[in-house]
Amino acid sequence: MTLGGQRPRSDNSDEIHAALAGCSEQTNGSQPPAHSKTRFGFKANDFVVYPAHGVGQIVTIEEQTVAGACLEFVVVNFAKDKMTLRVPTGKMANAGMRKLSDPAAIVQVRRTSSRAPYKARGNWSRLVQEYESKMNSGDIIALAEVIRDLYRPAVGPDQNYSERQLYAAALDRLSGEVALVESTSL
């Protein structure tokens, strides 16, 4: 039965199976298994920084058929959030996914966070957008600037709820990366 000029759906399972077979032939052919692939400098078990979520670990690099096209994904696990994210390899740069910072960058982060905070003036909604864009930029120095500017000592709790939330999120992302970099460089 069709409603209002809609065409009945045809069974396109043969096309889907052919696409799946083509994708699986590519992975079972002369290419190495998915767990040993290296794409754009990333491989399985590497720790990476995804700006919107923080530090995660690459589980695997896999191929899947989506809408009839064979796509390659980097599967990233964020253990703290109990979340798994699949990022198409073609979109990794646009998403801001990067390797962990080097120890020299951590020294720069410490310098940045020890400076006097920048007293931003203006509309709070504009400042929130600025802080969030710095947090989601993937730049570890920008993240340190957010922490520096939002830090309030416990003596003077003049921080509103949204400032505390932004500060906690930025501190969580930065501390995860710093802890991994320092543990791997020892």
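Before reading further, recall that the structure is shown in the block above.
Summary of the structure given here.

Details of helix H3 (residues 103-114)
Moving on, step 1. Its 12 residues give H3 an end-to-end C-alpha distance of 17 Å, which sits within 8% of 16 Å, the value for a rise of 1.5 Å per residue.
Moving on, step 2. Looking at H3, one finds that the buried residues are Ala105, Ile106, Val109 and Thr112. Down the axis of H3, the smallest arc covering the buried residues is 115 degrees, so these residues share one side. Turned more than 90 degrees from where H3 packs its buried face, Ala104 and Ser114 sit exposed.

Quick word on the side chain of Arg148
Moving on, step 1. Here Arg148 lies in helix H5 (residues 140-150).
Moving on, step 2. Here Arg148 falls in the buried class, since its relative accessible area comes to 14%.
Moving on, step 3. Residues within four places of Arg148 in sequence aside, it is in contact with Thr112, Ser113, Arg115, Ala116, Pro117 and Tyr118.

Considering the packing of aromatic side chains
Moving on, step 1. Counted according to the given criterion, the structure contains three aromatic pairs.
Moving on, step 2. On the numbers, 6.2 Å between centres and 50 degrees between planes, the contact of Tyr151 with Tyr167 is tilted. Residue Tyr151 is located in the loop between H5 and helix H6 (161-185), and its partner Tyr167 is located in helix H6; the two are separated by 16 residues in the primary sequence.

Topic: the sheet that holds strand S7 (residues 98-99)
Moving on, step 1. The five strands are arranged S6-S5-S4-S3-S7 in an open sheet whose pairing can be described as antiparallel. Edge positions in the open sheet fall to strand S6 (83-88) and S7, since each of these has one partner strand only.
Moving on, step 2. Sheet analysis places strand S4 (residues 54-66) next to strand S5 (residues 69-78), joined by nine bridges and oriented antiparallel. Among the inter-strand pairings, Gln57 is bridged to a residue of S5, identified as Asn77.

Side note on unusual backbone geometry
Moving on, step 1. Within the chain, Asn45 stands out as a residue other than glycine whose phi angle is a positive 75 degrees.
Moving on, step 2. Along the chain, Asn45 falls in the loop between strand S2 (42-43) and strand S3 (47-50).
Moving on, step 3. The exposure class of Asn45 is exposed, given its relative accessible area of 54%.
Moving on, step 4. You will see that Ala67, though not glycine, has its phi angle at about 55 degrees, which is positive.
Moving on, step 5. Looking at the secondary structure, you find Ala67 in the loop between S4 and S5.
Moving on, step 6. You can call Ala67 exposed: its relative accessible area is 85%.

Some remarks on the layout of surface pockets
Moving on, step 1. Estimates place the volume of the largest pocket at around 290 Å³.
Moving on, step 2. If you trace the largest pocket, you find 17 residues lining it, with His53, Val55, Gly56, Phe78 and Lys80 closest to the centre.
Moving on, step 3. Looking at which element gives the most residues to the lining of the largest pocket, the answer is H6, with five residues.
Moving on, step 4. Tallied by class, the residues present in the lining of the largest pocket amount to seven nonpolar, six polar and four charged.

Examining the pairing of S5
Two faces make up the sheet, and in a regular strand the side chains alternate between them.
Moving on, step 1. Taking the residues that link successive antiparallel strands as the turn, the S4-S5 hairpin has two residues, and the phi of Ala67 there is positive, at about 55 degrees.
Moving on, step 2. Two elements, S5 and S6, share six bridges in a ladder whose sense is antiparallel. Its bridge partner lying in S6, Val76 is registered against Leu85.
Moving on, step 3. Where S5 folds back onto S6 in an antiparallel hairpin, the turn is made up of four residues, including Lys82, whose phi is positive at roughly 50 degrees.

Details of the pattern of salt bridges
Moving on, step 1. Applying the stated rule across the entire model yields eight salt bridges.
Moving on, step 2. The partner of Asp172 in a salt bridge is Lys80, and the shortest N-O contact between them spans 2.3 Å. Note that Asp172 is positioned in helix H6 and Lys80 in the loop between S5 and S6, a separation of 92 residues in sequence.
Moving on, step 3. For Asp172, a relative accessible area of 34% translates into the label partly exposed.
Moving on, step 4. The class of Lys80 is exposed, set by a relative accessible area of 64%.
Moving on, step 5. One salt bridge connects Arg110 with Glu182, and the closest N-O pair in it is separated by 2.1 Å. Placement of Arg110 in helix H3 and of Glu182 in helix H6 is noted, with a sequence separation of 72 residues between them.

Procedures and definitions
Residues numbered from 1 in each chain as written. Predicted model: local features only at pLDDT ≥ 70, side-chain atom pairs only at ≥ 80, totals over all residues. Heavy atoms only, no water. Helix = DSSP H or I, 4+ residues; strand = E, 2+ residues; numbered from the N terminus. Expected span 1.5 Å × (residues − 1). Buried < 20%, exposed > 50% of the residue type's maximum accessible area, 1.4 Å probe, protein only. Arc of directions from axis to C-beta. Contact = heavy atoms within 4.5 Å. Phe/Tyr/Trp six-rings, centres within 6.5 Å; stacked < 30°, edge-to-face > 60°. Pairing = 2+ DSSP bridges. 1 Å grid on protein atoms, 1.4 Å probe; cavity = no way out; pocket = protein on both sides within 12 Å on 5 of 7 lines; lining within 4 Å. Points joined across faces, edges and corners; volume = space filled by probe spheres on them. Nonpolar A, V, L, I, M, F, W, Y, C, P; charged D, E, K, R; others polar. Salt bridge = Lys/Arg side-chain N within 4 Å of Asp/Glu carboxyl O.

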